[in-house]
Amino acid sequence: MTYILDAALAAALLFFLFLPITDRRTVMMKLGMIAVLAVSFSLSLSISRTAAPEGRAAATLVSSNQVPPAAPAR
């Protein structure tokens, strides 16, 4: 799913990059869209979308000597 989103964002970014400039409004639209698409593309690449193993809470242990957080008392 991430590959489809990244491909769509890259295609839209290239479309607005090669869009011909005719007047000031086109320049402002082109700059705005390229900035928004670049931020969206970088966020989609940097945010991890991994599923939690075995349905547990989404807490990733960096090393094996860390203890997962305790469940709240009821």
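In what follows, the accompanying structure is described. Not measured: the values here are computed from a predicted model. (Residues numbered from 1 in each chain as written. Predicted model: local features only at pLDDT ≥ 70, side-chain atom pairs only at ≥ 80, totals over all residues. Heavy atoms only, no water.)

A short note on the overall build of the protein chain
Along its length, the protein chain carries two helices and zero strands. By residue count, 11% of the 74 residues in the protein chain fall in the buried class. (Helix = DSSP H or I, 4+ residues; strand = E, 2+ residues; numbered from the N terminus. Buried < 20%, exposed > 50% of the residue type's maximum accessible area, 1.4 Å probe, protein only.)

Some details on the side chain of T26
By the secondary structure assignment, T26 is in helix α2 (residues 24-46). Aside from chain neighbours lying at most four places away, what touches T26 is L19, P20 and I21. (Contact = heavy atoms within 4.5 Å.)

A short note on the packing of aromatic side chains
One pass over the structure, following the stated rule, counts one aromatic pair. The interplanar angle of 80° and the centroid separation of 5.1 Å between the aromatic rings of F15 and F16 together place this pair among those described as edge-to-face. (Phe/Tyr/Trp six-rings, centres within 6.5 Å; stacked < 30°, edge-to-face > 60°.)

Quick look at a nonpolar patch on the surface
Together, L14, L17 and F18 give the surface a local cluster of nonpolar side chains, amounting to about 340 Å² of exposed area. As for its placement among the helices and strands, F18 is situated in the loop between α1 (2-17) and α2. Given a relative accessible area of 65%, F18 falls into the exposed group. (Patch = residues over 30% accessible without salt bridge, like charges linked within 9 Å, V, L, I, M, F, W, Y side chains within 5 Å. Areas by Shrake-Rupley, 256 points an atom, 1.4 Å probe, with all protein chains shown as cover. Salt bridge = Lys/Arg side-chain N within 4 Å of Asp/Glu carboxyl O.)

Examining the side chain of D6
As for its position among the elements, D6 is in helix α1. With sequence-adjacent residues up to four places away left out, D6 is seen in contact with F41, S44 and L45.

Focus on the packing of α1 against α2
Close contact between α1 and α2 brings their axes to 9 Å; oriented N to C, the two are set at 160°. With respect to α2, the axis of α1 lies roughly antiparallel. Handedness of the crossing formed by α1 with α2: left-handed. For the pair α1 and α2, contact is made by T2, L5, D6, L9, A12, L13, F16 and L17 and by M29, K30, M33, I34, L37, A38, S40, F41, S44 and L45, respectively. (Axes fitted to C-alpha atoms, helices over the stretch in contact; angles between N-to-C directions. Parallel < 35°, antiparallel > 145°, perpendicular 65-115°, else oblique. Left-handed = near helix turned anticlockwise from the far one by under 90°.)

What to know about α1
Helix length check: α1 (16 residues) gives 22 Å between terminal C-alpha atoms against 22 Å at 1.5 Å per residue, within 8%. Among the residues of α1, D6, L9 and F16 are the ones counted as buried. All buried residues of α1 fall inside an arc of 95° around its axis, so they share one side. Structural note: α1 exposes Y3, I4 and F15 on the side pointing more than 90 degrees away from its buried face. Contacts from the buried residues of α1 go to α2. (Expected span 1.5 Å × (residues − 1). Arc of directions from axis to C-beta.)

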